[in-house]
Amino acid sequence: MTTERTFSIIKPDATRRNLTGAVTKMLEAAGLRVVASKRIHMTQEQAEGFYAVHKERPFFGELVSFMISGPVVVQVLEGENAMARNREVMGATNPANAEPGTIRKELAESIEANTVHGSDSLENAATEIAYFFKPEEIVG
Ligand code: RTP
Ligand code: MG
């Protein structure tokens, strides 16, 4: 059994609808522990840097605009198989394809305004955590 850490963002569609608690409740119910959390309003440069891997995708500009359209909550989640477990409770990128009981099925508005981000590998998780948090801000 290995305890992992992964990175999560509660996106602007969720903060706008006052759903940060509802999202966090679902993450905790899935066995994930919030070991760092802060509410921020990303700058355009921060969002472009975070999503640099998607730079060539057709939706890049819209994605960055959406992510800076309001505050977000960035979190570090800890638990057994945290990365995969978080992806599972998030559900499919497009809420229309997400399984019942997942965050995106229950709460998301659209493929873009899909309520949460979650790291898709342990390597990316480490990079994404370091992008937003200093080591001393994470309390396990
Ligand atoms: P995320 O990175 O946010 O956890 O989501 P994901 O892995 O499920 O999706 P990904 O393919 O990495 O895409 C990143 C985010 O871009 C937006 N998106 N829009 N308009 C579109 O076709 C489209 N496709 C993706 C979503 O907000 C997605 O979460
Ligand atoms: Mg992704």
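- Looking at an unreviewed UniProt entry, the protein chain carries the name Nucleoside diphosphate kinase, with the source organism given as Sphingomonas chungangi.
- UniProt lists a comment for the protein chain under the heading Sequence similarities (unreviewed entry), and it reads "Belongs to the NDK family."
- Entered under Cofactor (unreviewed entry) in the UniProt record, the comment concerning the protein chain runs "Mg(2+)".

1. A short note on the UniProt feature "binding site: ATP" (unreviewed entry) in the protein chain
Then comes step 1: The feature "binding site: ATP" (unreviewed entry), as given by UniProt, occupies Lys-11, Phe-59, Arg-87, Thr-93, Arg-104 and Asn-114 in the numbering adopted here. The annotated residues that sit in the lining of the largest pocket are Lys-11, Phe-59, Arg-87, Thr-93, Arg-104 and Asn-114.
Then comes step 2: Looking at the secondary structure, you find Lys-11 in the loop between β1 (3-10) and α1 (12-16).
Then comes step 3: Ignoring any residue separated from it by four or fewer positions in sequence, one finds Lys-11 in contact with Tyr-51, Phe-66, Met-67, Pro-71, Val-72, Arg-104, Glu-112, Asn-114, Thr-115, Val-116 and His-117.
Then comes step 4: Tracing the backbone shows Thr-93 in the loop between α5 (82-90) and α6 (103-107).

2. Some points on the site of ligand 1
Then comes step 1: Neighbouring ligand 1 are 16 residues, the closest being Lys-11, Thr-93, Glu-112, Asn-114 and Gly-118.
Then comes step 2: Within the side chain of Thr-93, one N or O atom sits 2.4 Å away from an oxygen atom of ligand 1.
Then comes step 3: Here an oxygen atom of ligand 1 sits 3.0 Å away from a polar atom, N or O, in the main chain of Glu-112.
Then comes step 4: With the chains in place, 83% of the 560 Å² that ligand 1 exposes on its own is no longer accessible.
Then comes step 5: Here ligand 1 occupies the largest pocket.
Then comes step 6: Going through the elements one at a time, α5 and β4 (116-118) are the ones with two or more residues in the shell around ligand 1.
Then comes step 7: Broken down by element, the residue count for the shell around ligand 1 peaks at three residues, all from β4.
Then comes step 8: Split into classes, the residues belonging to the shell around ligand 1 amount to six nonpolar, five polar and five charged.

3. What about the layout of surface pockets?
Then comes step 1: In this structure, the largest pocket encloses a volume near 630 Å³.
Then comes step 2: Lining the largest pocket are 25 residues; nearest its centre among them are Tyr-51, His-54, Phe-59, Leu-63 and His-117.
Then comes step 3: Contributions of two or more residues to the lining of the largest pocket are made by α3 (44-50), α5, β4 and α7 (122-132).
Then comes step 4: In terms of residue class, the lining of the largest pocket is built from 10 nonpolar, eight polar and seven charged.

4. Considerations on the UniProt feature "domain: Nucleoside diphosphate kinase-like" (unreviewed entry) in the protein chain
Then comes step 1: Feature annotation in UniProt places "domain: Nucleoside diphosphate kinase-like" (unreviewed entry) on residues 3-140, given in this structure's numbering.
Then comes step 2: In this annotation, residues 3-140 is assigned 40% helix and 20% strand; the end-to-end C-alpha distance for the span is 11 Å.

5. Concerning the environment of Phe-60
Then comes step 1: On the secondary structure map, Phe-60 appears in helix α4 (residues 60-67).
Then comes step 2: Take Phe-60: its relative accessible area is 14%, and that puts it in the buried class.
Then comes step 3: Along the backbone, Phe-60 and Glu-48 are 12 residues apart, and their C-alpha atoms lie at a distance of 8.5 Å.
Then comes step 4: Contact partners of Phe-60, with chain neighbours within four places excluded, come to Glu-48, Tyr-51, His-54 and Lys-55.

Criteria and thresholds
- Residues numbered from 1 in each chain as written.
- Chains lettered and ligands numbered in written order.
- Predicted model: local features only at pLDDT ≥ 70, side-chain atom pairs only at ≥ 80, totals over all residues.
- Heavy atoms only, no water.
- UniProt positions renumbered as here; feature names shortened; annotations may be inferred.
- 1 Å grid on protein atoms, 1.4 Å probe; cavity = no way out; pocket = protein on both sides within 12 Å on 5 of 7 lines; lining within 4 Å.
- Helix = DSSP H or I, 4+ residues; strand = E, 2+ residues; numbered from the N terminus.
- Contact = heavy atoms within 4.5 Å.
- Near = heavy atom within 4 Å.
- Polar contact = N/O pair within 3.5 Å; in protein donor to acceptor, adjacent residues only side chain to side chain.
- Areas by Shrake-Rupley, 256 points an atom, 1.4 Å probe, with all protein chains shown as cover.
- Sits in = over half its atoms within 2 Å of the grid points.
- Nonpolar A, V, L, I, M, F, W, Y, C, P; charged D, E, K, R; others polar.
- Points joined across faces, edges and corners; volume = space filled by probe spheres on them.
- Buried < 20%, exposed > 50% of the residue type's maximum accessible area, 1.4 Å probe, protein only.

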